[in-house]
Amino acid sequence: MQINFRQLSDEEKKSTKEKIHHGLIELQKKEVRRNRNKKLFTVLSSAACVLLVTIFVFYNTSDSKSSPQSDLERFAETQPSIDSNSNLDNVSLILQDQKTIAVQDSSVISYGKNGTKLTVGTQTINTSPTSSSFNTVRVPYGKRTQIVLSDGTTVWLNSGSSLIYPTQFDGSIREVYLNGEAAFDVSHNKAKPFFVKTKECNVRVLGTVFNVSSYAEDQTIQTALLQGKVRITYNKKGFMSNQELQQDLTPGMTATIDKDTKQLKVERKDVTSILSWRDGYFTFKSQSLGTILNKLSKYYKIEFIKSANLNLDANYSGSLALNENLNSLASTLSSITNNSCTVNANQRTITIK
């Protein structure tokens, strides 16, 4: 509808103009309020972003302050991952001056008291040990080695693993850094506790025999205790806060940390069979063929090509000698499963039909 001002009286014209004027004023006020609300929303959004960034920075800063890294851990971060161990032909000992010594099979790496003397098999090497100088032992897949540290602790290092350690322990604690799997027989010293550090957790001991498996590609980290007592410490990291989980183990117990769920599970298992690898055997009791093949695949860094009719759920018990001869391994698997096994050494595969 249009308004014809010619048909209106002067009074009506005046009233109509005032109504239009007031309407325009109200529209202008609404527009001002709308713009003010937009600006306020923008300011609040910016403030919220700043607050989130501040919380994130504070969380990360406080996390780093709550668990400062040791010299050993900082050194470990600069070292190659254990994936590169697949390129090794022999066990390698890397000294603090980066000199590399090839360790022959069955040779023991042994340090004298205070680390002043180092022997590798029949070879003797003079060293100038300090607590801030670290040696590294790297083990290729399909091999193992044994190390006697300067405090008398014996370490068995499993296939595809690396151990970083100081040439002497002259501080208030003894600590080593593990990638992969190792068994420890720790020399007792109540005044100087022993720590095994991994990327995910720490194991604290005084004097004991235990096994730690912490391969980067595994879903879980497992500690198994044969003798003595150990304490597992796991920092369960959250967005706003961290939770430190601790669990003491007694002989015959295992602690398993799931990397995805961030849960720590403790149970009793046959720990003797878990540590059997240090004696050169893989012992299994009522384990599925699938589980056995997965363990052998990791140890030898090989791939099993399985036929469709292979029953991976069938359980087996027994022992397998751990050696480098894939043909012997294939022959043993053939006798266990009643299937033919073919080795391709170049491609590092065993086909089970």
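See the structure printed just above.
This section reports on the structure supplied with the text. (Residues numbered from 1 in each chain as written. Predicted model: local features only at pLDDT ≥ 70, side-chain atom pairs only at ≥ 80, totals over all residues. Heavy atoms only, no water.)

1. Some thoughts on the sheet that holds strand β23 (residues 349-352)
- Read from one edge to the other, the open sheet built from three strands follows the order β20-β23-β22, with strand pairing classed as mixed. The open sheet is flanked by β20 (303-306) and β22 (341-344), the only strands paired with a single partner. Neighbour to neighbour, the strand axes of the sheet diverge by 20° on average, direction disregarded.
- Contacting β20 and β23, helix α4 (residues 289-300) runs over the sheet at an angle of about 145° to β20.
- Taken strand by strand, helix α5 (residues 326-337) contacts β20, β22 and β23, and its axis lies near 165° from that of β22. (Pairing = 2+ DSSP bridges. Helix = DSSP H or I, 4+ residues; strand = E, 2+ residues; numbered from the N terminus. Axes fitted to C-alpha atoms, helices over the stretch in contact; angles between N-to-C directions. Contact = heavy atoms within 4.5 Å.)

2. A word on the packing of α4 against α5
- Two numbers describe how α4 lies on α5: the axes approach to 13 Å, and their chain directions differ by 180°. Here α5 runs roughly antiparallel to α4, going by the angle between their axes. Residue-level contacts link Leu289, Leu293, Leu296 and Tyr300 of α4 to Leu326, Leu329, Leu333 and Thr337 of α5. (Parallel < 35°, antiparallel > 145°, perpendicular 65-115°, else oblique.)

3. Observations regarding the side chain of Thr223
- Secondary-structure assignment places Thr223 in strand β14 (residues 220-227).
- Those residues in contact with Thr223, other than ones at most four positions away along the chain, are Val203, Phe210, Asn211, Val212, Val230, Ile232, Leu249, Met253, Thr254 and Ala255.

4. Details of the packing of aromatic side chains
- Inspection of the entire model under this criterion finds seven aromatic pairs.
- Centroid distance Phe75 to Phe134: 5.2 Å. Interplanar angle 40°. Geometry classified as tilted. Here Phe134 lies in strand β6 (residues 134-138) and Phe75 lies in helix α2 (residues 71-77), a separation of 59 residues in the sequence.
- You can call Phe75 partly exposed: its relative accessible area is 22%.
- With 5.1 Å between their ring centres and 15° between their planes, Phe184 and Phe210 make a pair best called stacked. One end of the pair, Phe184, is in strand β10 (residues 174-185); the other, Phe210, is in strand β13 (residues 209-214), with 26 residues separating them in the sequence. For the pair shown, Phe184 and Phe210 are each scored as buried.
- Cluster of aromatic residues (ring-pair linked, three or more members): Phe169, Phe184, Phe194 and Phe210.
- Arg278 extends its terminal NZ or CZ atom over the ring of Trp156, reaching a point 4.8 Å from the ring centre. (Phe/Tyr/Trp six-rings, centres within 6.5 Å; stacked < 30°, edge-to-face > 60°. Buried < 20%, exposed > 50% of the residue type's maximum accessible area, 1.4 Å probe, protein only. Lys NZ or Arg CZ within 6 Å of the ring centre and 35° of its normal.)

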